[in-house]
Amino acid sequence: MEDGTPDSAQRTTGERVKLNVGGKLFETTVSTLRSGGPDSLLSALSNRTSNEPVFIDRDPEIFSALLALLRSNRLPSTAKRFSNHELIDEAVYYGIESQLRSALAPSQLSGIDASLFSTIRPSSDGVVTDFNAVDSDGSVWVAHGGQVSVYDWSLTHTETVRTHLDYISSIKKVGTDLAVVGSEFESGLHFYNLANGRRVGSVEWTDPSDPRIYKAKVNAVVDSADSVYAAFECQHRENCVVSIDKGTMKAVSELGRQSGNSAKSTVVGKLTFLPEINALLGVSVSAGAFGYSGYVRLWDSRSGDVVWETNEPGSGRSSRFGDSFADVDFDREDLTMFKICSKSGDLAVSDLRKLSEDPWVYLEEKNPCMRHAGGGSSTLIHCYRKQVFVGRGGELEVWSRMVEKGIDVERERVLHEGLYRRNFMDKVEDAERGIIKKIEGAGDRLFVTRENAEGIEVQGPRLGWCLVRVYSEEEKKLLNDGSRVLPNPNILDDHVACPAKQLGYKLGDP
């Protein structure tokens with residue numbers, strides 16, 4: 001350079017840099033500041049040629065915690081003095097939000113080690129009518145009354161939009177700031193841009209050749225990369241699944257139009273899209289004086305053809321004839337389907353790649369203390385992270401997949417009765433909070449709503465904090481004496497016991 005000062009590119013990574021944050025002097029290295037990323041403010045400050053400390057008018061205590069994060073990739077214990085919102089605001093200012101997000105992100109969700117740590121409560125109309133937990137970014141889109149509120153990955157409220165509907169019963173995020181909403185009391189599926197709070201499109205199911213098809217209401221909704229699928233039902237019970245183009249927000253085609261005059265033709269109550277096999281799956285469950293009935297239907301999303309279907313009660317070929325499913329869900333990672341039986345309460349699994357007339361394998365609970373007393377009218381299931389979460393009334397439980405040591409991949413794919421183990425996730429008194437209405441997993445957290453209860457319960461490890469005891473080599477030798485070891489709880493080994501709870505610790509990642 002002309003003044004003789006060394007070029008910023010020639011500064012060594014170990015060279016010291018001084019910063020004056022809120023009147024407090026900090027000294028660190030160029031490499032530490034640059035670890036925040038090339039686009040961060042701190043990286044830009046590391047390129048300064050002057051040795052004089054630059055003044056930054058921000059909170060020095062929070063900066064100290066963020067500087068420690070850049071040094072060690074973890075937050076210090078002193079960061080607990082600040083709320084996540086305070087930390088995020090400062091991290092955004094310095095341009096290191098991604099590093100903070102990684103530090104605050106929960107470890108992989110394990111149902112046997114999860115607990116209630118937070119509750120999302122909208123400020124008005126606190127009873128949640130529906131919600132969509134988004135696994136890709138950890139956000140939660142909440143419908144309460146006629147409003148939609150969004151909470152980001154840190155469960156911080158970002159925005160609320162009032163829609164033209166008085167009651168929203170279906171909601172789905174379908175774009176960066178785009179959501180679709182529907183109501184069981186008003187017709188149509190409606191697109192809302194939450195960035196400006198405006199309705200940008202609406203889709204009605206109509207048929208000029210059939211005057212009965214009007215004022216159809218939305219019963220379920222799901223989306224794929226380029227389409228939205230909505231289950232519509234008219235006042236005369238005619239129903240179908242409508243495929244809608246995301247770009248034009250116009251209806252493209254109909255799938256499975258039916259009369260709705262029997263259990264085998266009622267409207268779809270749950271829609272799931274599996275991109276791995278380009279399949280759209282619809283589930284319908286009806287409860288009446290003679291018990292449960294319903295169907296599971298699989299469409300090829302490209303052709304709209306039904307490629308597989310099962311009805312319960314069926315023709316008697318099922319090994320559990322008369323014990324119809326109360327709910328069905330799908331594991332997107334393993335491409336498996338689960339159902340919970342309405343009478344026995346048993347859980348069954350089938351492989352979506354090997355479907356047949358009776359594809360179910362019924363899981364067995366070998367522990368007599370864990371056996372349930374049967375099904376019921378308030379049972380539902382949700383699959384997430386190769387785990388099956390079951391709500392029985394107000395109780396919450398998890399079925400975790402067991403993996404044997406040294407097992408090969410092909411054998412692991414074979415479904416059998418002992419493949420999953422069941423554990424309770426809550427205490428007896430937790431069931432008194434109300435009947436579980438909906439379960440969804442996203443961002444390694446589990447979200448649960450209950451009937452007539454305000455807010456959404458958030459289950460999982462606390463954000464960013466996980467207490468794990470680190471044993472010395474001598475302690476490890478003592479723990480490995482006899483049965484006093486701490487193995488992976490999802491590894492089957494008849495010669496190993498797991499006394500973690502006896503020792504008073506929870507298993508988790510540091």
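To be clear, the structure that these remarks concern was listed above.
Residues numbered from 1 in each chain as written. Predicted model: local features only at pLDDT ≥ 70, side-chain atom pairs only at ≥ 80, totals over all residues. Heavy atoms only, no water.

### Thoughts on the overall build of the chain
Next, step 1: Within the chain, the secondary structure is distributed over eight helices and 33 strands.
Next, step 2: Counting only residues that meet the buried cut, the chain has 48% of its 510 residues in that class.
Next, step 3: Long-range contacts, defined as pairs at least 24 residues apart, comprise 51% of the intrachain contacts of the chain with a sequence gap of at least 6.
Next, step 4: Accessible surface, the chain as shown: approximately 25000 Å² in total, 47% of it carbon and sulfur. (Helix = DSSP H or I, 4+ residues; strand = E, 2+ residues; numbered from the N terminus. Buried < 20%, exposed > 50% of the residue type's maximum accessible area, 1.4 Å probe, protein only. Contact = heavy atoms within 4.5 Å. Areas by Shrake-Rupley, 256 points an atom, 1.4 Å probe, with all protein chains shown as cover.)

### Thoughts on the packing of aromatic side chains
Next, step 1: Under the counting rule described, the total for this entry stands at six aromatic pairs.
Next, step 2: With a centroid separation of 4.9 Å and an interplanar angle of 75°, the aromatic rings of Phe 26 and Phe 63 are classed as edge-to-face. With Phe 26 in strand β2 (residues 24-29) and Phe 63 in helix α3 (residues 60-72), this pair connects stretches of sequence that are 37 residues apart. One exposure class covers both Phe 26 and Phe 63, and it is buried.
Next, step 3: Ring centres 6.0 Å apart and planes at 15° place the aromatic pair Tyr 229 and Phe 273 in the stacked group. Here Tyr 229, found in strand β14 (residues 227-233), pairs with Phe 273, found in strand β17 (residues 270-274); they are 44 residues apart in sequence, far enough to count as distant. As far as burial versus exposure is concerned, Tyr 229 and Phe 273 are alike and both buried.
Next, step 4: Taken together, the aromatic side chains of Phe 26, Phe 63, Tyr 93 and Tyr 94 make up a single cluster linked through ring pairs.
Next, step 5: The ring centre of Tyr 295 lies 3.9 Å from the NZ or CZ of Arg 297, which sits over that ring.
Next, step 6: Sitting over the face of the ring of Phe 131, Lys 438 holds its NZ or CZ atom 4.9 Å from the ring centroid. (Phe/Tyr/Trp six-rings, centres within 6.5 Å; stacked < 30°, edge-to-face > 60°. Lys NZ or Arg CZ within 6 Å of the ring centre and 35° of its normal.)

### Observations concerning α3
Next, step 1: Taking 1.5 Å per residue as the helical rise, α3 with its 13 residues ought to reach 18 Å, and the 18 Å between its terminal C-alpha atoms agrees with that figure.
Next, step 2: All buried positions along α3 are accounted for by Pro 60, Ile 62, Phe 63, Ala 65, Leu 66, Leu 67, Ala 68, Leu 69 and Leu 70.
Next, step 3: In this structure, the buried side of α3 is in contact with β1 (16-21), β2, α1 (30-34), α2 (41-46), α4 (84-94) and α5 (97-104).
Next, step 4: One side-chain oxygen of the residue at the start of α3 lies 2.8 Å from the amide nitrogen of Glu 61, identifying that residue as Asp 59.
Next, step 5: Two residues or fewer after α3 comes Asn 73, characterised by a positive phi angle close to 65°. (Expected span 1.5 Å × (residues − 1). Polar contact = N/O pair within 3.5 Å; in protein donor to acceptor, adjacent residues only side chain to side chain.)

### Description of the sheet that holds strand β22 (residues 336-341)
Next, step 1: Spatially, four strands are ordered β21-β22-β23-β24 in an open sheet, and the strand pairing comes out antiparallel. At either end of the open sheet lies a strand with only one pairing partner, and these are β21 (325-331) and β24 (361-362).
Next, step 2: The sheet contact formed by β22 and strand β23 (residues 347-351) spans five bridges and is antiparallel. Of the residues in β23, the one forming a bridge with Phe 338 is Val 349. (Pairing = 2+ DSSP bridges.)

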